[in-house]
Amino acid sequence: MSQRQTQEERSRHTQAKIMQGTLECILEKGIRATSTVDVARQAGVSRGALMHHYPSKEALMQAALEDLLNQEVVSVKEMADGIKAGTLDFDTLIDTLHDHFKGNLYMVTLEYLTAARTDASIKEVLEPLAARFNASLEAIWEQLLISTLHSSHEKRVALNATLCMMRGMGAQSIWRDDPALYRDMLTFWKQTLIDQGFSERVDSKRRIHI
């Protein structure tokens, strides 16, 4: 292994530690309260090493957002792989989305969404990556929906209504810790999609009950 390869590996390792430390600090403190000193301490690197890779807090926050959304795209790829392997069906997809939007990554995403409202530089990074995530998810949704009665636009509307519901439950969980309610809402929504013909209709014995 050449010295250059070793240096590149060390650099990638340092950057990965910084990205993880950044997301952890944002989760704990929020974007505005997080400083480069905080991130360096959390990542276990010197502030000089951090500034070498990310010369300003703005550059660091933008890089962390890109890293976060790339993780989101990877999660969608895992869903796609599950379809090919036969381990992911419509019901499991809804459950997977629910888990996704109540996790730590989503809480960090909320911080960025709030910042993007008034920070054009964050919004500029957010928009194309979020569009890529949504496009990947739409492709999976099309594969799983068995309905031939609905147009692609109607299927897209159903997906985005589902995502809006998931995001809403994730946001509400910040001030309302009620897992039983969210479980029942999820069951209700699954049945609504079934009743609308977006997935296989079940008979009365298999019908989902709240």
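Summary of the structure given here. (Residues numbered from 1 in each chain as written. Predicted model: local features only at pLDDT ≥ 70, side-chain atom pairs only at ≥ 80, totals over all residues. Heavy atoms only, no water.)

Focus on the overall build of the protein
What counts is decided by this rule: Put simply, DSSP H or I for four residues or longer makes a helix, DSSP E for two residues or longer makes a strand, and each gets a number counted from the N terminus. Exposed residues in this analysis have more than 50% of their type's maximum accessible area, buried residues have under 20%, and partly exposed residues fall in between, with area computed by a 1.4 Å probe over protein chains only. When checking whether two residues touch, look at their non-hydrogen atoms; a contact exists if any pair is within 4.5 Å.
When helices and strands are tallied, the protein shows 9 helices and 0 strands. The linear arrangement of helices and strands in the protein, starting from the amino end, is α-α-α-α-α-α-α-α-α. Projected onto the principal axes, the alpha-carbon positions of the protein cover approximately 65 × 45 × 30 Å. Counting every position in the protein, which comprises 210 residues, the buried fraction comes to 40%. Of the contacts made within the protein by residues no fewer than 6 positions apart, 67% connect residues no fewer than 24 positions apart.

Details of the pattern of salt bridges
Where charged atoms of side chains with opposite charge meet at close range, the side chains can pair. This is how the line gets drawn: Salt bridge, as applied in this entry: a Lys or Arg side-chain nitrogen positioned within 4 Å of an Asp or Glu carboxyl oxygen.
Counting across every chain of the model gives 7 salt bridges. A salt bridge links Asp91 to Lys190; the nearest nitrogen and oxygen atoms lie 3.0 Å apart. Here the residue Asp91 occupies a position in helix 5 (residues 90-100), and Lys190 occupies one in helix 9 (residues 179-195), the gap between them amounting to 99 residues. Taking relative accessible area as the criterion, Lys190 reaches 10% and is therefore assigned buried. Between Asp95 and Lys190 there is a salt bridge; the shortest N-O distance is 2.7 Å. Here Asp95 is found in helix 5, whereas its partner Lys190 is found in helix 9, with 95 residues between them in sequence.

Re the packing of aromatic side chains
Where two aromatic rings form a pair, the distance of their centres and the angle of their planes describe that pair. Inclusion rule: Centres within 6.5 Å make a pair out of two Phe, Tyr or Trp rings, where for Trp the six-membered ring is used; the pair is then stacked when the planes are under 30 degrees apart, edge-to-face when over 60, and tilted otherwise.
Counted under the stated rule, the structure contains 2 aromatic pairs. Ring centres 5.2 Å apart and planes at 85° place the aromatic pair Phe101 and Tyr106 in the edge-to-face group. By relative accessible area, Phe101 is classed as buried at 4%. Exposure remark for Tyr106: the relative accessible area of 3% places this residue in the buried category.

What to know about helix 8 (residues 152-172)
Applicable threshold: Every helix has an expected span of 1.5 Å times one less than the residues it contains. To obtain the arc, one takes the directions from the helix axis to the C-beta atoms.
Taking 1.5 Å of rise per residue, 21 residues should cover 30 Å, and helix 8 covers 30 Å from first to last C-alpha, within 8% of that figure. Considered for burial, the residues of helix 8 that qualify are Lys155, Ala158, Leu159, Thr162, Leu163, Met165, Met166, Met169 and Gly170. The buried residues of helix 8 occupy one face: seen down the axis, they fall within an arc of 160°. Across from the buried face of helix 8, at angles greater than 90 degrees, the exposed residues are His153 and Cys164. On its buried side, helix 8 packs onto helix 5, helix 6 (104-116), helix 7 (120-144) and helix 9.

Describing the nonpolar core
Applied cut-off: To define a nonpolar core, start from buried Ala, Val, Leu, Ile, Met, Phe, Trp, Tyr and Cys residues and group those joined through side-chain atoms within 4.5 Å.
Residues Leu93, Leu97, Leu137, Ile140, Trp141 and Leu193 are the most contacted members of the largest nonpolar core, which totals 31 residues. Only helix 4 (57-85), helix 5, helix 6, helix 7, helix 8 and helix 9 provide two or more residues apiece to this core. Per-element accounting of this core gives the leading share, 6 residues, to helix 8. Not counting residues within four places of it along the chain, the set of residues in contact with Leu193 comprises Phe90, Ile94, Trp141, Ala158, Thr162, Phe198 and Ser199.

What about the environment of Thr34?
Looking at the secondary structure, you find Thr34 in the loop between helix 1 (3-29) and helix 2 (36-43). Setting aside chain neighbours within four positions, we find Thr34 in contact with Cys25, Ile26, Lys29, Val39, Lys57 and Met61.

Here we look at the packing of helix 6 against helix 7
A pair of packed helices is captured by two measures, namely the crossing angle of their axes and the spacing between those axes. Heads up, the condition is: To obtain an axis, a line is fitted to C-alpha atoms, over the contacting stretch when the element is a helix, and the angle between two such axes runs from 0 to 180 degrees between their N-to-C directions. Here is the rule for angles: anything less than 35 degrees is roughly parallel, anything more than 145 is roughly antiparallel, 65 through 115 is roughly perpendicular, and the remaining ranges are oblique. Left-handed is the label given to a crossing in which the near helix is rotated counterclockwise from the far helix by less than a right angle, and right-handed is the label when the rotation is clockwise. Just so you know the grouping, Ala, Val, Leu, Ile, Met, Phe, Trp, Tyr, Cys and Pro go in nonpolar, Asp, Glu, Lys and Arg go in charged, and all remaining residues, Gly too, go in polar.
Put simply, helix 6 and helix 7 touch, their axes get as near as 8 Å, and they point 125° apart. Accordingly, the angle class assigned to the pair helix 6 and helix 7 is oblique. The two elements helix 6 and helix 7 cross, and the hand of that crossing is left-handed. Counting all contacts with helix 6, which are made through Tyr112, Leu113 and Ala116, the residues of helix 7 involved are Ile122, Lys123 and Leu126. Of the residues assigned to the contact of helix 6 with helix 7, the class counts are 5 nonpolar, no polar and 1 charged.

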